[in-house]
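Fold and contact review
What follows is each chain in one-letter form.
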Amino acid sequence: MKWVVVDDYDALSSEAARLLLGRLAGQPEAVLGLPTGRTPEGMYARVVKICGKSDPCFRRVTTFNLDEYVGIQASHPGSYFTYMKQHLFDHVDIDTRRIHIPDGLGTRWARKADSVEERLKRECADYEVSIAAAGSIDLTFLGMGQNGHIGFNEPGASFESRTRVIELSESTRHANAEHFADGNVPTRAITIGIATILESHSIVLMASGDRKAEAVARLATSELSTGFPASALSTHRDVTVILDRKAARLLT
Ligand code: GLP
């Protein structure tokens, strides 16, 4: 793993945006894995500022989001679909047919599947097929939960896992509750698997702030454990970890 420590969240966002835009400059048809959460907001803001609607940097790009909540409409204010529109897709010139975000209702399988569970199963299987059809992901950006989750692969997730429906941990639901004003935080999500993430050619993990310092320190030990999902990244040969000083404070 390559470790990059920068001063603060602004510098982290600039560095991540630089890596993303650098990749698109050299590979305009890149396939990207994209995260949500607070951490990548600054990266998206910079990318939008530099690219904007008139620049073609995203025109030929294909994107796969890491995850989406189960049981809410894409238009729900707390959905990751809404997040991606607000932070990136509405502000760059991207072909919407090349945007992929799991549908947490599995809507398009309604006619073919008898139950909700069957719809979701088909949605997950189809997501993997779409990634394979795109020829795999070139560059995946990741945030990390305080418990080491990547995407929504919570502790205990197999390193061989693929796109599937998972139960969210209480701590993750609590951490993400602010996006659900009515208090109805979803209990499940669709996430791409750890194996799916590891098949990405390159990976950039971002962590910012004090509350990530313990997870970062654990990641740095190179211990491999399904109890700490991000540890799977140490088996990959092209991972860059970008940290601000606060997230790096427990590193020696
Ligand atoms: C969420 C997302 C993850 C994200 C993580 C960290 O649950 N599903 O993809 O990396 O939590 O979020 P944040 O950046 O807000 O700390």
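Data block above holds the structure.
Residues numbered from 1 in each chain as written. Predicted model: local features only at pLDDT ≥ 70, side-chain atom pairs only at ≥ 80, totals over all residues. Heavy atoms only, no water.

1. A word on the overall build of the protein chain
Under the convention used in this document: Helix and strand definitions here come from DSSP, where helices need a minimum of 4 consecutive H or I residues and strands a minimum of 2 consecutive E residues; each element is numbered from the N-terminal end. When accessible area is computed with a 1.4 Å probe and restricted to protein chains, residues below 20% of their type maximum are described as buried, those above 50% as exposed, and intermediate ones as partly exposed. Two residues qualify as a contact provided that any one of their heavy atoms is within 4.5 Å of a heavy atom in the partner residue. The method behind every accessible area is Shrake-Rupley, applied with a 1.4 Å probe, and residues are considered shielded solely by the protein chains displayed. All tallies of charge rest on Lys and Arg as positive and Asp and Glu as negative; His and the ends of each chain are not included. Think of each charge as sitting on NZ of Lys, CZ of Arg, CG of Asp or CD of Glu.
Summing up its helical and strand segments, the protein chain has 7 helices and 10 strands in all. Reported as C-alpha extents along the three principal axes, the dimensions of the protein chain are approximately 55 × 45 × 35 Å. The buried share among the 252 residues of the protein chain stands at 53%. Nonlocal contacts in the protein chain, meaning residues at least 24 apart in sequence, comprise 79% of its contacts between residues at least 6 apart. Carbon and sulfur atoms provide 50% of the accessible area of the protein chain, an area that totals close to 11,500 Å². Side-chain charges in the protein chain split into 29 positive and 32 negative, and the spacing between the mean points of these groups amounts to 3 Å.

2. Quick notes on the pattern of salt bridges
Here is the rule we go by: Any Lys or Arg side-chain nitrogen located within 4 Å of an Asp or Glu carboxyl oxygen qualifies as a salt bridge.
Summed over all chains, the structure comprises 18 salt bridges. Put simply, glutamate 15 and arginine 18 hold a salt bridge, and the shortest N to O gap is 2.9 Å. With glutamate 15 and arginine 18 both in helix 1 (residues 9-26), this residue pair falls 3 residues apart, about one helical turn. For glutamate 15, a relative accessible area of 18% puts it in the buried group.

3. Examining the nonpolar core
The line we're drawing: The term nonpolar core refers to a set of buried residues drawn from Ala, Val, Leu, Ile, Met, Phe, Trp, Tyr and Cys, joined through side-chain atoms within 4.5 Å.
Grouped together as the largest cluster of nonpolar side chains are 41 residues, with contacts concentrated most on Leu20, Leu32, Met43, Phe58 and Leu88. Among the elements that make up this core, the one with the highest residue count is helix 1 (6 residues). Leaving out residues up to four positions away in the same chain, leucine 88 has contacts with Leu34, Tyr44, Val47, Val48 and Phe58. Of all hydrophobic cores here, the second largest spans 25 residues; its members include Tyr127, Ile137, Ala207 and Leu219.

4. Details of the site of the ligand
Rules: The rule for a residue being near a molecule or strand is that one of its heavy atoms must lie within 4 Å of it. Each polar contact in these results corresponds to two N or O atoms within 3.5 Å; when the atoms are within protein, one needs to be able to donate a hydrogen and the other to accept it, and residues that are neighboring in sequence are counted only if both atoms are side-chain atoms. Three classes are used: nonpolar for Ala, Val, Leu, Ile, Met, Phe, Trp, Tyr, Cys and Pro, charged for Asp, Glu, Lys and Arg, and polar for all others, with Gly counted as polar.
Taken together, 15 residues surround the ligand, and among them Arg38, Thr39, Asp67, Phe152 and Lys212 come closest. Between the ligand and arginine 38 there is a distance of 2.8 Å, counted from an oxygen atom to a backbone nitrogen or oxygen. Interatomic distance of 3.4 Å between a backbone N/O atom of methionine 144 and an oxygen atom of the ligand. With the chains in place, 97% of the 390 Å² that the ligand exposes on its own is no longer accessible. The residue inventory of the shell around the ligand, partitioned by class, reads 3 nonpolar, 8 polar and 4 charged.

5. Here we look at the packing of helix 1 against helix 2 (residues 41-51)
To describe two helices that pack against each other, one gives the angle between their axes and the distance between the axes. So the rule is basically this: Axes here mean lines fitted to C-alpha atoms, for a helix over just the part in contact, with angles spanning 0 to 180 degrees between N-to-C directions. Oblique is the label for any angle not under 35 degrees, not over 145, and not in the 65 to 115 range, which are roughly parallel, roughly antiparallel and roughly perpendicular in turn. Left-handed describes a crossing whose near helix is turned anticlockwise from the far helix by less than a right angle; the clockwise case is right-handed.
Close contact between helix 1 and helix 2 brings their axes to 8 Å; oriented N to C, the two are set at 55°. Considering the angle they form, helix 1 stands oblique to helix 2. The crossing of helix 1 and helix 2 is right-handed. Between helix 1 and helix 2, the contacting residues are Tyr9, Asp10, Ser13, Ser14, Ala16, Ala17, Leu20 and Leu21 on the first element and Glu41, Gly42, Met43, Arg46, Val47, Ile50 and Cys51 on the second. Looking at the contact of helix 1 with helix 2 residue by residue, the class counts come to 9 nonpolar, 3 polar and 3 charged.

6. Focus on the state of the cysteines
Convention followed: Two cysteine sulfurs form what is called a disulfide whenever their separation falls within 2.5 Å.
Scanning the model with the defined rule gives 1 disulfide in all. Between the sulfur atoms of cysteine 51 and its disulfide partner cysteine 57 the distance amounts to 1.7 Å. The two residues cysteine 51 and cysteine 57 agree in class, both being buried.

7. Thoughts on helix 4 (residues 116-133)
Threshold: To estimate the expected span of a helix, subtract one from its residue number and multiply by 1.5 Å.
The first and last C-alpha atoms of helix 4 sit 25 Å apart over 18 residues, in line with the 26 Å expected at 1.5 Å per residue. All of the buried residues along helix 4 are Leu120, Glu123, Cys124, Asp126, Tyr127, Glu128, Ser130 and Ile131. Lining the buried residues of helix 4 we find strand 3 (62-65), strand 5 (99-100), strand 7 (164-167), strand 8 (188-191) and helix 6 (194-198). Positive phi shows up at glycine 135, right after helix 4, with a value of about 85°.

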